[in-house]
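Chains, contacts and geometry: an overview
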Amino acid sequence: MTDPSPAAHQARSAPPGIPGLRFLPALVAALAAAWFLGFVPAVARGEVLTWAVPWVPGLGIELAVLIDGLALAFALMITGIGAGVFLYTASYFKGDPRLTRLQALLMLFAVSMLGLVLADDAITLFVFWEGTTVTSFLLIGFDHAKKEARDKALQALLVTGLGGLALLAGLLLLGLETGTFRLSEMALMGDVLRASDLYLGILVLVLLGAFTKSAQFPFHFWLPNAMAAPTPVSAYLHSATMVKAGVYLLARLSPALGGTEVWIWTLTLVGAVTMLLASVWALRQTDLKLMLAYTTVMALGALVMFLGGGHPAAVKAAATFLIVHALYKASLFLLVGVLDKKAGSREVDALRGLAGAMPLTATLTALAALSMAGFPPFLGFIGKELKYEGALAVASEPVFVAGAAVLANALMVACAGLVAVRPFVGRTRRAPKDRPADPPVGMWLPPAVLAVLGLAFGVFPDLLLGRTLIEPIATAILGEPFALTLKLWHGINLPLLLSLLTFALGLTLYLLAPRVRRALAGAEAGGLPAAEGGYDAALSATKGVAAWQTRVIQGGRITVYLRVTFALLALLIWGAVLTGTGPWPAFDIDVPLLHWAIVGLIAVSAVAIVLTRSRLAAICALGAVGAGVAILFVLYGAIDVAMTQLLIEILVVVFIAIALLRLPRIPAGLPRRWGDAALAAALGLGVAVALVAVLGGDLGRELTAYFEANSAPEALGRNIVNVILVDFRALDTLGEIAVVVIAAVAAIAALTARRTKGRRP
Amino acid sequence: MNSLILTTATRALAPLLLVFSVYILLRGHNEPGGGFIGGLVAATAFALLEKAEGVARARRLLRLRPLTVAALGLGAALLAGLWGAVAKGHVLAGVWPLIEKTADGGKSGLPVGSVLLFDVGVYLVVVGAVCGVLFALEEAATALECEPDEGGAGRGGGAPKTIDQTMDRTIDRTVDGGDR
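Please read all numbers here as calculations on a predicted model, not as lab measurements. (Residues numbered from 1 in each chain as written. Chains lettered and ligands numbered in written order. Predicted model: local features only at pLDDT ≥ 70, side-chain atom pairs only at ≥ 80, totals over all residues. Heavy atoms only, no water.)

Scanning chain B for helices and strands turns up 7 helices and 2 strands. Along chain B, helices (α) and strands (β) appear in the sequence α-α-α-α-β-β-α-α-α when read from the amino end. Within the span of chain B, comprising 180 residues, buried residues form 43% of the whole. For chain B, contacts bridging at least 24 residues in sequence account for 57% of all contacts bridging at least 6. (Helix = DSSP H or I, 4+ residues; strand = E, 2+ residues; numbered from the N terminus. Buried < 20%, exposed > 50% of the residue type's maximum accessible area, 1.4 Å probe, protein only. Contact = heavy atoms within 4.5 Å.)

Glancing now at the nonpolar core. Judged by nonpolar contacts, the single largest core of 184 residues is most densely connected at W222, Y236 and L257 of chain A. With 20 residues, helix α16 (residues 312-342) of chain A is the single largest residue contributor to this core. Two domains share this core, each providing at least three of its residues, namely domain 1 (19-258) and domain 2 (260-553) of chain A. One finds A744 of chain A together with I99, A129 and V130 of chain B within the second-largest nonpolar core, a separate group that totals 50 residues. (Core = buried A, V, L, I, M, F, W, Y, C linked by side-chain atoms within 4.5 Å. Domains from an automatic or database assignment.)

As a further point, take the packing of helix α4 (residues 69-92) of chain A against helix α5 (residues 99-118) of chain A. Residue and element names in this part refer to chain A. For the pair α4 and α5, the least separation of the axes is 9 Å and the interaxial angle reads 175°. With respect to each other, α4 and α5 are oriented roughly antiparallel. Seen from α4, the contacting residues are A71, F74, A75, I78, T79, F86, T89 and A90; seen from α5, they are L99, L102, Q103, L106, M107, A110, M113, L114, V117 and L118. Here the residues of the contact of α4 with α5 are counted per class, giving 15 nonpolar, 3 polar and no charged. (Axes fitted to C-alpha atoms, helices over the stretch in contact; angles between N-to-C directions. Parallel < 35°, antiparallel > 145°, perpendicular 65-115°, else oblique. Nonpolar A, V, L, I, M, F, W, Y, C, P; charged D, E, K, R; others polar.)

Turning next to helix α19 (residues 398-420) of chain A. Helix length check: α19 of chain A (23 residues) gives 32 Å between terminal C-alpha atoms against 33 Å at 1.5 Å per residue, within 8%. For α19 of chain A, a buried count of 18 out of 23 residues is recorded, marking the element as mostly surrounded by other parts of the structure. (Expected span 1.5 Å × (residues − 1).)

At the interface, 61 residues of chain B touch 51 residues of chain A. A buried area of about 5100 Å², summed over both sides, lies between chain B and chain A, and 73% of it is on carbon and sulfur atoms. The salt bridge involving E31 of chain B is made with R718 of chain A; its shortest N-O contact spans 4.0 Å. Scanning the region where chain B abuts chain A turns up 9 residue pairs in polar contact (both at pLDDT 80 or more). Within the residue set of the side of chain B that touches chain A, elements represented by two or more residues are α2 (35-53), α4 (66-88), α5 (114-146) and α7 (163-176) of chain B. (Buried area = accessible area lost by both parts, 1.4 Å probe. Salt bridge = Lys/Arg side-chain N within 4 Å of Asp/Glu carboxyl O. Polar contact = N/O pair within 3.5 Å; in protein donor to acceptor, adjacent residues only side chain to side chain.)

As a measure of interface size, the accessible area lost when the parts come together is often cited. All names here are of chain A. The assigned domain composition of chain A is domain 1 (19-258), domain 2 (260-553) and domain 3 (555-664 + 673-699). Taking only C-alpha atoms, the centre of domain 2 and the centre of domain 3 are 70 Å apart. The interface is formed by 4 residues belonging to domain 2 together with 4 residues belonging to domain 3. Taken together, both faces of the contact between domain 2 and domain 3 bury some 230 Å²; the carbon and sulfur share is 52%. Of all residues in domain 2, R551, V552 and I553 bury the most surface against domain 3, accounting for 95% of the area lost on that side. Where domain 2 touches domain 3, the interface holds 0 salt bridges. If you look at where domain 2 meets domain 3, you find 0 residue pairs in polar contact (both at pLDDT 80 or more). Class assignment for the residues of the side of domain 2 that touches domain 3 results in 2 nonpolar, 1 polar and 1 charged.

Glancing now at the UniProt feature "transmembrane region" (unreviewed entry) in chain B. Residue and element names in this part refer to chain B. The feature "transmembrane region" (unreviewed entry), as annotated in UniProt, sits at residues 12-29, 35-52, 64-86 and 115-137 in this numbering. Structurally, residues 35-52 is divided into 100% helix and 0% strand, and its ends, taken at the C-alpha atoms, are 26 Å apart. In this annotation, residues 115-137 is assigned 100% helix and 0% strand; the end-to-end C-alpha distance for the span is 33 Å. (UniProt positions renumbered as here; feature names shortened; annotations may be inferred.)

Okay, the UniProt feature "domain: MrpA C-terminal/MbhE" (unreviewed entry) in chain A next. As recorded in UniProt, the feature "domain: MrpA C-terminal/MbhE" (unreviewed entry) lies at residues 672-752 of chain A. The annotated region residues 672-752 of chain A carries 85% helix and 0% strand content, and the separation between its end C-alpha atoms amounts to 35 Å.

Once that is clear, we can look at the side chain of H29 of chain B. One can find H29 of chain B in the loop between α1 (4-27) and α2. Of the residues examined, H29 of chain B reaches a relative accessible area of 15% and is grouped as buried. Among the polar contacts made by the side chain of H29 of chain B, one reaches the side chain of N722 of chain A at a distance of 2.8 Å. Leave out the neighbours within four places in its chain, and H29 of chain B touches A715, L716, G717, R718, N719, N722, V723 and V726 of chain A together with V115 of chain B.

What follows is the structure, encoded as structure tokens:
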């Protein structure tokens, strides 16, 4: 991050280090995955493991961890797929000096994501949620020398970051309404929440967070743009794990918030629209990685749609598809990365007939794509059958949901064909690189394991997956025990017929793909409105407002700054005075004559500052005002304050003299500025009235009493002003002197910058 | 500013002020005074030196760059905080290594420790920050006076009608001064 030029990266050789150290992250992740596997038997029995330590006890916030089916499934995906991705990264970036930074960021992300899914405390969840947002930003902008990567990273950060803020508000409201920040306790209070007046507000805020994170329409555009990240990052964050955080949140809060009309319809509609739009645009892409990105958006849409289904069958479909998608999508991303690296391109039209040169890659891609297209006996087939079964059972509009699912799946079949068939078949070989070949083991093993798992789970679904994970996931989402069995063969029923229809439709679309793509490209060129336009408009509007208010409030002229500051201050003070309800104090006017004399001196000097046309006289009068105030402090026993005041007055006069005495004499006949006079009078009177009003209230002497009692025995000082400054409230003083240093650095820089620049052009 | 009276008086006053500032700093815990006031007194001494003998000489007499002094002060205050953290387990907790508890529950010994170190830090920050800004301001103003005065004629022209215009012109010249 410190090195801006890509050339420098290339020129530098890999830093010397312990050989094999680059495989350490993969090893750590694999060990973590094995550790989490150890929880499977307990969770499959229906146990829920919890652990908590207090974090901010005063606010009831804990660092609480909960492992149930949902959390465990995500943890296994994060660590298991993480191990594969780390191994792949070590091979993909071999010899690249940026590997260390990439691995560090990926590890940081993995930890954040694990924290997110394991958290049982809403605030803990939010902190880790933002952790994934920030690491995602850094990873998308990994090629920071490219403007495109930086822009896309910022876009992802803004979209998901704003959603994150909404989520925080939603979670806080949830906490206020339920009286707990424990997610597991909120899940039991669903009836209270759904009857609450705040329900709609909470739902909107939480959904904003989930929809931006999981790229739902109309926030979907950031995810395909996030493909500016290196391929391993896309495979890990933007298909298998991070983008599912929103889905995870919806699943986690489903018992607390789900089941209402508005929940069912919003999730179903947003999910379906996202799913359909994304699958159509997937076919439009020529870059295989972008195509996969759009199919990821489609999958996220499908998951949201089924979570809104409000029926156990729909939840079962969502739970199964979650696993299915993570397995095939991560491996396909990694394999597209192999094509990019070993054949030199990701463009669908640039690659042909590679099966002979890259047999292993072709086989693995076929395995993963068959699961994606939903062919038996792969897990994808079961996922698809369950989707149809779930779609037909949803509470809202079964026909609409099932129709949308069939159409989206048909497009999925076509995309699977474009990824797995198009580049590898054909007699003549076509690839930008001369000698395309299969990659080293580090790059084929991870996708191979994932693809083979997709097959193994498909053949033994209930034994390997159904009882161990899907059932606990569904139980967690539904909030009540739920028994299910996963079967490869469901018999001849409506979902099977829909499957056959899907294959036929998908094959047609695959054959028509080039024509569809041209038509879509034409529509795009013809000015089809895009959601990204809204983002651009909002961004430029924000910048415009920022520039406008900076011009107005910070005009670069000291009179403007002073007017703005004083006007606001006067407004605040008068507002507080006029709305205050405290008793008005008995005004004790009986003060010695000496005090009146000093007050008179101050008043006369103040008037003189304003009226005199001699700058020297004005400076002297200013000094007299300060000295008079200091004498008043002395008379009332505040020696420390008086000393400070006097010294500050001396220095202020010195400072002002340097600047003012070099200005020309104030010309005669200048118009009087009555507006400024009124402003000054308003502020001065306001402060005076406020001070008198304060005397009427309870001054709260407990602190003074405490300091007086404890200053000498505890802090060994009899001057309580100083003891407060350097001992009791030393942290405040530390902050203040830090501010003094920063202000001095800034002032000196501003005073010398131009001259230094002039001297050394 | 060439004033014989000021120069002569400064030679006598500045050292006294500096010694007095340290006295103020040290007595601050029990009597009026302390790091902040002591620092201001010392800064006044340097302001006097700067007025009487010029910025260059004042800078030489300070020996360190003003911001270095301020940074040392901030460092001392942080160190005092760490001292408390290490010795008592709380950042900025007061530590007095020379104080012992007496049999009747009171305390006796020399009250020197982290709190005094903290106050010294405050003193140095005030001296460094005030001197730094003061010297820089004086140098900027001197540089401005040495420039040939052509800014006024080029901008707007004519006699200034309001204070604002007078100010603006001067500000423009201050800001653009070096480039002309």
